[in-house]
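Okay, here's what each chain looks like letter by letter:
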Amino acid sequence: MKVLYLTTLFIAAFAYANGSTNITSTLVSGHWTLGGSPYKMYNDITIDNGAFLRIDAGVEVIFQGYYQMDVKGV
């Protein structure tokens, strides 16, 4: 049982360390999945009119400073 627990812990840590996505654009849209999590924000971001951003359950969005998200779309 300990081997299964340690293996699961290692896989979770590895996925977390390697799945990071840096967001440096000011306009965002699309689909953010667990595979790219965490999404690290380095500036203010906007979801523009007519655009959408779907963020799956469990995805982490981490602002790297005092930034904001302006939602004009969906």
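Since the model is a prediction, treat every value here as computed from it, not as a measurement.

A.B. asks: Which residues make up the packing of aromatic side chains, and what values go with them?
C.D. replies: Summed over the entire model, instances satisfying the criterion amount to one aromatic pair. Look at Trp32 and Tyr39: their rings are 4.5 Å apart centre to centre, the planes differ by 10 degrees, and that puts the pair in the stacked class. In terms of burial, Trp32 and Tyr39 fall into one category: buried.

A.B. asks: Before we move on, can you summarise the side chain of Thr46 with the specific residues and values?
C.D. replies: Here Thr46 shows up in strand 4 (residues 45-47). Looking at Thr46, the relative accessible area reads 17%, which means it is buried. If we skip the residues at most four places from it in the chain, Thr46 touches Thr26, Leu27, Val28, Asp70 and Lys72.

A.B. asks: Describe unusual backbone geometry, and please don't skip the residues or the numbers.
C.D. replies: The step from Ser37 to Pro38 runs through a cis peptide bond, and the omega angle for that step is 0 degrees. Mapped onto the secondary structure, Pro38 falls in the loop between strand 2 (30-32) and strand 3 (39-41).

A.B. asks: Requested: an account of the nonpolar core, with residues and values cited.
C.D. replies: Counting ten residues, the largest nonpolar core is built from Ile23, Val28, Trp32, Tyr39, Met41, Ile45, Ile47, Ala51, Leu53 and Val59. Counting residues per element, the ones that place at least two in this core are strand 3 and strand 4.

Calculation rules
- Residues numbered from 1 in each chain as written.
- Predicted model: local features only at pLDDT ≥ 70, side-chain atom pairs only at ≥ 80, totals over all residues.
- Heavy atoms only, no water.
- Phe/Tyr/Trp six-rings, centres within 6.5 Å; stacked < 30°, edge-to-face > 60°.
- Buried < 20%, exposed > 50% of the residue type's maximum accessible area, 1.4 Å probe, protein only.
- Helix = DSSP H or I, 4+ residues; strand = E, 2+ residues; numbered from the N terminus.
- Contact = heavy atoms within 4.5 Å.
- Core = buried A, V, L, I, M, F, W, Y, C linked by side-chain atoms within 4.5 Å.

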